[in-house]
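Chain by chain, the residues:
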Amino acid sequence: METTSRAGAQEDTGAPGGSTAEGGPAARRTVDGYLSAPFPWYGLDEAFTGPRWLMQVTAAADGTVQHGAVGHGDEPTIRAAAEDGLDKERFAVVVTVAANPVRRSGDGTGTLEATSVSSAAWLAGSGLLSQTWPAQLDHSMRDNWLAQQTEVCFDLADDLQGDDWSALSLPVDGVPTPFHYRESEYGWVLAGSTGSGVHLGAYGRGMSAYGLGFSVVKDIQAYV
């Protein structure tokens, strides 16, 4: 997808098996990066009344924010599945990606690929993987599993018309909007576009995607 570097007021944690740009608490940022974005952030609409929390923003080489995510519900933890095989966490993460054409990189040394719905799908899919730890894997094996599954996720995002995806219509700012949707044993992922110059991705588990709605975040401070 696009070539970016992380941005935010806090430094990276460097945690082993750390998250992607749309990962969990190990990749948390303060609100500063969100406030500097030149596009609107999206989250779940007012029908969701549970906890909301910041995650992380990512910027290009020139410092321009390109995408980021906000969370809803239980903050996911990277841990092996419970002994009973049931994951008790209930969360949904919404990824906002600036809709950009092919463009020069900030340092003038190359170009950045255009962003698309596939970009949002890949970021959402890799974000879900970053919060997944199959019970049969130890620390060393999980790194290999994560690398392999992230590559699969990239291939899936590059083929949104394929059989692995189904169509789902959800409200965005009150308007029914088409999304690409898929489920796995680890949770669900969806991706689509808005009329506000951004692409949306989302992932979660324990919360059904079918009842969700999205809207512009009016006050990002509500996520702090």
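Look a little higher up for the structure.
In this text the structure is predicted, and so the values were computed from the model without any measurement.

1. Description of the overall build of the chain
Then, number 1: Looking only at helices and strands, the chain has three helices and twelve strands in total.
Then, number 2: Of the contacts made within the chain by residues no fewer than 6 positions apart, 62% connect residues no fewer than 24 positions apart.
Then, number 3: On the chain, roughly 10,400 Å² of surface is accessible, and the fraction owed to carbon and sulfur atoms is 51%.

2. Re the pattern of salt bridges
Then, number 1: Per the counting criterion, the structure on display carries one salt bridge.
Then, number 2: Where E89 meets R205, a salt bridge forms, and the shortest distance between an N and an O atom there is 3.8 Å. In this pair, E89 sits in the loop between β4 (65-73) and β5 (91-98) while R205 sits in strand β11 (residues 198-205), placing the two residues 116 residues apart along the sequence. No difference in accessibility class separates E89 from R205, as the two residues are buried.

3. Quick word on the packing of aromatic side chains
Then, number 1: What the rule picks out here adds up to six aromatic pairs.
Then, number 2: Pairing F179 with F214 gives two aromatic rings, centres 5.5 Å apart and planes at 45 degrees, and the pair type is tilted. Taken together, the residues F179 in strand β9 (residues 175-184) and F214 in strand β12 (residues 214-216) connect sequence positions 35 residues apart.
Then, number 3: On the basis of relative accessible area, F179 is assigned to the buried category, the value being 3%.

4. Some thoughts on the pairing of strand β3 (residues 52-59)
Then, number 1: The buried fraction of β3 amounts to seven of the eight residues, a majority that puts the element mostly inside the structure.
Then, number 2: Of the pairings in the sheet, the one linking β3 to β4 comprises six bridges and is antiparallel in character. Among the inter-strand pairings, V57 is bridged to a residue of β4, identified as G68.
Then, number 3: Hairpin remark: β3 followed by β4, antiparallel, with five residues in the connecting loop; positive phi at G63, about 90 degrees.

5. With respect to the environment of D45
Then, number 1: Structurally, D45 is set in the loop between β2 (42-44) and β3.
Then, number 2: Taking the C-alpha atoms as reference, D45 lies 5.0 Å from S215; in sequence the two are 170 residues apart.

Analysis parameters
- Residues numbered from 1 in each chain as written.
- Predicted model: local features only at pLDDT ≥ 70, side-chain atom pairs only at ≥ 80, totals over all residues.
- Heavy atoms only, no water.
- Helix = DSSP H or I, 4+ residues; strand = E, 2+ residues; numbered from the N terminus.
- Contact = heavy atoms within 4.5 Å.
- Areas by Shrake-Rupley, 256 points an atom, 1.4 Å probe, with all protein chains shown as cover.
- Salt bridge = Lys/Arg side-chain N within 4 Å of Asp/Glu carboxyl O.
- Buried < 20%, exposed > 50% of the residue type's maximum accessible area, 1.4 Å probe, protein only.
- Phe/Tyr/Trp six-rings, centres within 6.5 Å; stacked < 30°, edge-to-face > 60°.
- Pairing = 2+ DSSP bridges.

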